[in-house]
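Results of the structural survey
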Amino acid sequence: MSEELVQKLKTALSTVADPHMGVSIVEMGLVTGIEVDEEAKTAKITITPTNPGCMSAANMAMQARTAAESLDEIDKAEILVEGHMMADAICDMVNK
């Protein structure tokens, strides 16, 4: 996995802000994992909200997917939300 591509993903994900805090999800430490398959042009990004009932988790996850897929190097991003009471439903919705 290329560290350069991981950094590009972090930069792209930095454009996604927690709407309540106004701070990027990267800066807040909500992006807890990034895996890249450069050959398949895919990324798997793990987001862990600070609050298990965060009302903005789905919105942030969708924005993260859009931001990741905006890179030429990534055709498909999968977002995994962990530690949220609706994690499974959010993942299903975001990764359709």
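What this report covers is the structure whose coordinates are included nearby. Because the structure is a prediction, the values reported are computed rather than measured.

**Quick notes on helix H3 (residues 87-94)**
Among all positions in H3, only Ala87, Ile90, Cys91 and Val94 are buried. Down the axis of H3, the buried side of the element spans an arc of 100°, and every buried residue falls inside it. Turned more than 90 degrees off the buried face of H3, the exposed positions are Asp88 and Asp92. On its buried face, H3 sits against helix H2 (57-69) and strand E5 (76-81).

**Here's the deal with the sheet that holds strand E4 (residues 42-47)**
Pairing is mixed in the open sheet, where three strands are placed in the order E3-E4-E5. Edge positions in the open sheet fall to strand E3 (31-37) and E5, since each of these has one partner strand only. Shown here is a sheet whose adjacent strand axes are inclined to one another by a mean of 15°, direction ignored. As paired elements, E3 and E4 share six bridges and run antiparallel to each other. Within E4, the residue paired with Val31 across the bridge is Ile47.

**Examining the state of the cysteines**
Tallied over the full model, the rule gives zero disulfides. Summary of cysteine pairing: Cys54 is not part of a disulfide, and the nearest cysteine sulfur, belonging to Cys91, is at 14 Å.

**Topic: unusual backbone geometry**
Unusually for a residue other than glycine, Lys41 sits at a positive phi of about 60°. Mapped onto the fold, Lys41 is located in the loop between E3 and E4. Assessed through its relative accessible area of 30%, Lys41 is described here as partly exposed.

**Topic: the pairing of E5**
Residues Ala77, Ile79 and Val81 point to one face of E5 and are all buried, whereas Lys76, Glu78 and Leu80, pointing to the other face, are not buried. Taken together, the six bridges between E4 and E5 define a ladder with parallel strand orientation. Across the sheet, Ile47 pairs through a bridge with Val81, a residue of E5. As for the winding sense of the linkage, the β-α-β connection from E4 through H2 to E5 is right-handed.

Reading guide: rules and limits
Residues numbered from 1 in each chain as written. Predicted model: local features only at pLDDT ≥ 70, side-chain atom pairs only at ≥ 80, totals over all residues. Heavy atoms only, no water. Buried < 20%, exposed > 50% of the residue type's maximum accessible area, 1.4 Å probe, protein only. Helix = DSSP H or I, 4+ residues; strand = E, 2+ residues; numbered from the N terminus. Arc of directions from axis to C-beta. Contact = heavy atoms within 4.5 Å. Pairing = 2+ DSSP bridges. Axes fitted to C-alpha atoms, helices over the stretch in contact; angles between N-to-C directions. Disulfide = S-S within 2.5 Å. Right-handed = clockwise from strand over helix to strand, strands pointing away.

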